[in-house]
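# Per-entry structural report
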Amino acid sequence: MAMTLRLTDEQDRALTALAEAQKISKQEAAVRAIEDAASRRTQTRDAVLRRIVTEDQALLDLLAK
């Protein structure tokens, strides 16, 4: 799917620097940044759910009855 991405000059400079540092295109740098952000979000969610299950196991057991 085609998409136009509008960036401020500062954002474009940051994306350019990131792409150059990784020796990839700006498009690939943007795609990787999106994928990394989505992955971190999933990892954070999973960690929070594990903590809730661990800390509130007794309450969850009561609610399951």
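Residues numbered from 1 in each chain as written. Predicted model: local features only at pLDDT ≥ 70, side-chain atom pairs only at ≥ 80, totals over all residues. Heavy atoms only, no water.

Before going further, it helps to examine the packing of helix α1 (residues 9-22) against helix α2 (residues 26-55). Where α1 meets α2, the axes come as close as 8 Å, and the angle between the chain directions of the two elements is 95 degrees. Between α1 and α2, the crossing angle belongs to the class labelled roughly perpendicular. Residues D12, L15, T16, L18, A19 and Q22 of α1 form the contact with α2, whose participating residues are K26, A29, A30 and R32. (Axes fitted to C-alpha atoms, helices over the stretch in contact; angles between N-to-C directions. Helix = DSSP H or I, 4+ residues; strand = E, 2+ residues; numbered from the N terminus. Parallel < 35°, antiparallel > 145°, perpendicular 65-115°, else oblique. Contact = heavy atoms within 4.5 Å.)

With that out of the way, let us pick up the nonpolar core. In terms of nonpolar packing, the biggest core is built from five residues, these being L15, A19, I24, A29 and A30. Each residue touching A29, except ones within four places of it in the same chain, is listed here: L15, L18, A19 and I24. (Core = buried A, V, L, I, M, F, W, Y, C linked by side-chain atoms within 4.5 Å. Buried < 20%, exposed > 50% of the residue type's maximum accessible area, 1.4 Å probe, protein only.)

Attention shifts here to the pattern of salt bridges. According to the stated counting rule, one finds four salt bridges in the structure shown. The salt bridge involving R32 is made with E28; its shortest N-O contact spans 3.0 Å. With R32 and E28 both in helix α2 and four residues apart, the pair spans about one turn of that helix. Taking the shortest distance from any N to any O, the salt bridge between E55 and R51 comes out at 3.5 Å. Linking E55 with R51, this pair stays in helix α2, spanning four residues, or about one helical turn. For E55, a relative accessible area of 55% puts it in the exposed group. (Salt bridge = Lys/Arg side-chain N within 4 Å of Asp/Glu carboxyl O.)

Geometry only, nothing functional implied.
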